[in-house]
Amino acid sequence: MQIGGGRIPVYAPVLGDEELENVVAAVRSGWVSSLGTFIPEFEREFATFCDVREAVAVSNGTAALHLALLALGVGPGDEVLVPSLTFIATANAVRYCGATPIFVDADRATWCIDPAALDALVTPRTKAVIPVHLYGHPCDMDPILDVARRRGIAVVEDAAEAHGAEYRGRRVGAFGAIGCFSFYGNKIMTTGEGGMCVTDDPLLAERLRLLRDHGMDPKRHYWHDIVGYNYRMTNLQAAIGVAQVKKLPGFLEKKRRLGAWYAELLAPLAAAGRIVMQPEAPWAKSVFWMCSVLLAEARVSRDEVRARLHDRGVDTRPFFHPVHLLPPYERRERLAVAEDLGGRGLNLPSGLGLDRSHIERVAKALTEALDP
Ligand SMILES: Cc1ncc(COP(=O)(O)O)c(C=O)c1O
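Residues numbered from 1 in each chain as written. Predicted model: local features only at pLDDT ≥ 70, side-chain atom pairs only at ≥ 80, totals over all residues. Heavy atoms only, no water.

> Could you give me a rundown of the packing of aromatic side chains, with the residues and numbers involved?
Scanning all chains against the criterion turns up 14 aromatic pairs. Their ring planes at 65 degrees and their centres at 6.2 Å tell us that Phe42 and Phe46 sit as a pair that is edge-to-face. Residue Phe42 and its partner Phe46 are located together in helix 2 (residues 38-50), separated by four residues, close to a single helical turn. Its relative accessible area of 0% is what places Phe42 among the buried residues. With a centroid separation of 5.3 Å and an interplanar angle of 70 degrees, the aromatic rings of Trp111 and Phe319 are classed as edge-to-face. Here Trp111 is found in the loop between strand 3 (100-104) and strand 4 (126-129), whereas its partner Phe319 is found in the loop between strand 13 (317-318) and helix 10 (336-344), with 208 residues between them in sequence. Accessibility expressed as a relative area gives 2% for Phe319, which makes it buried. Feature note: the residues Phe87, Trp111, Tyr135, Trp289, Phe319 and Phe320 constitute an aromatic cluster, connected by ring pairs. The aromatic ring of Phe175 is capped on one face by Arg170, whose charged end is 4.9 Å from the ring centroid. In this arrangement the basic side chain of Arg171 is found over the ring face of Phe49, its NZ or CZ atom lying 3.9 Å from the centre. (Phe/Tyr/Trp six-rings, centres within 6.5 Å; stacked < 30°, edge-to-face > 60°. Helix = DSSP H or I, 4+ residues; strand = E, 2+ residues; numbered from the N terminus. Buried < 20%, exposed > 50% of the residue type's maximum accessible area, 1.4 Å probe, protein only. Lys NZ or Arg CZ within 6 Å of the ring centre and 35° of its normal.)

> Explain the site of the ligand residue by residue, including any values.
Around the ligand, 15 residues are found, and the nearest of them are Gly61, Thr62, Asp158, Glu161 and Ser182. One nitrogen or oxygen atom from the main chain of Gly61 is found 2.8 Å from an oxygen atom belonging to the ligand. At a separation of 2.7 Å, a nitrogen atom of the ligand approaches a polar side-chain atom of Asp158. Relative to its unbound accessible area of 380 Å², the ligand is 92% covered by the protein chains. When residues of the shell around the ligand are traced back to their parent elements, those giving at least two are helix 3 (61-71) and helix 4 (89-96). Broken down by element, the shell around the ligand gets its largest block of residues, three residues, from helix 3. (Near = heavy atom within 4 Å. Polar contact = N/O pair within 3.5 Å; in protein donor to acceptor, adjacent residues only side chain to side chain. Areas by Shrake-Rupley, 256 points an atom, 1.4 Å probe, with all protein chains shown as cover.)

> Now, about the pairing of strand 1 (residues 54-58): what can you tell me, with residues and values included?
For strand 1, a buried count of five out of five residues is recorded, marking the element as mostly surrounded by other parts of the structure. Residue alternation in strand 1 divides its side chains into two sets, Glu54, Val56 and Val58 and Ala55 and Ala57, and both sets are buried.

See below:
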């Protein structure tokens, strides 16, 4: 990635010779679609990374969520609890099943789904809950798993943004019945487009594989007992994935270093009450997918701050709009914390190719931008 003295993007993938060599090998092999050796290799490596028995590679993270819900039997008339503060794909996957997303407020301590709000939202129709490990910070899983066990609902983790994040020493993705990951180009590791379902349950893995491939009986060509999907990953994507997953431990170290640099260099702004730093709960190891802050003052609007940062060569993103406010899902309810965070949050440059001098530039630019 060329950054130098130029613009600092919010994110850019880091790809090297290993990815290139694997893609060349895949092309030379002729296996460019969804057969070929890189797919099972990528699944094995990713399962090992997550410390789970099974991994099922799919075409993207949204497909992973959709298949996970289908594999768990979510269908029309069911309800699924999802945080409102998330990327819309989490809710869309519920809707694809004909089910209804029930939006849950955020927890100020983690910016993730508020576990304390769940119990009251469970109804006889509730089939599942999807905790989203937002911006790389793990959800508080114990109380979520406790509600799920007591109320008999499934847990599907949306770990699209949190490869390698740890909750009480264990990597996310392995807590629920199924964990879902995205390998989109701005994720901690990428395959261009791509996704993965992980699970400890071989029967669920079998179901996911069936649904991924048009529901075709693996032992009988062109025999389909169910309507499935074409959600397969290609061998070309998996070739990149195999190279990336080997680099993941190094990527995660770099992400934590970025988080620490921001914490240090933005501390004066936080101490002056002008921003609120990204939380990291005592039980959490965040992977800081998006290093983020909340703007704490109304003197300069977020749009204005973003424009001033842009003028100084620093790209940013606003937080996701809470999904319960978006047109396809518009609800009357107020989810005060999600709305507050969604209105004030700012994603800062977080790419793996950044070094300390870039973060210093961002911190200086943000300090200037916050001056009224
Ligand atoms: C929380 C969350 N869930 C799901 C997705 C969907 O993943 P994909 O873009 O690979 O379909 C994303 C991101 O893109 C995401 O951020």
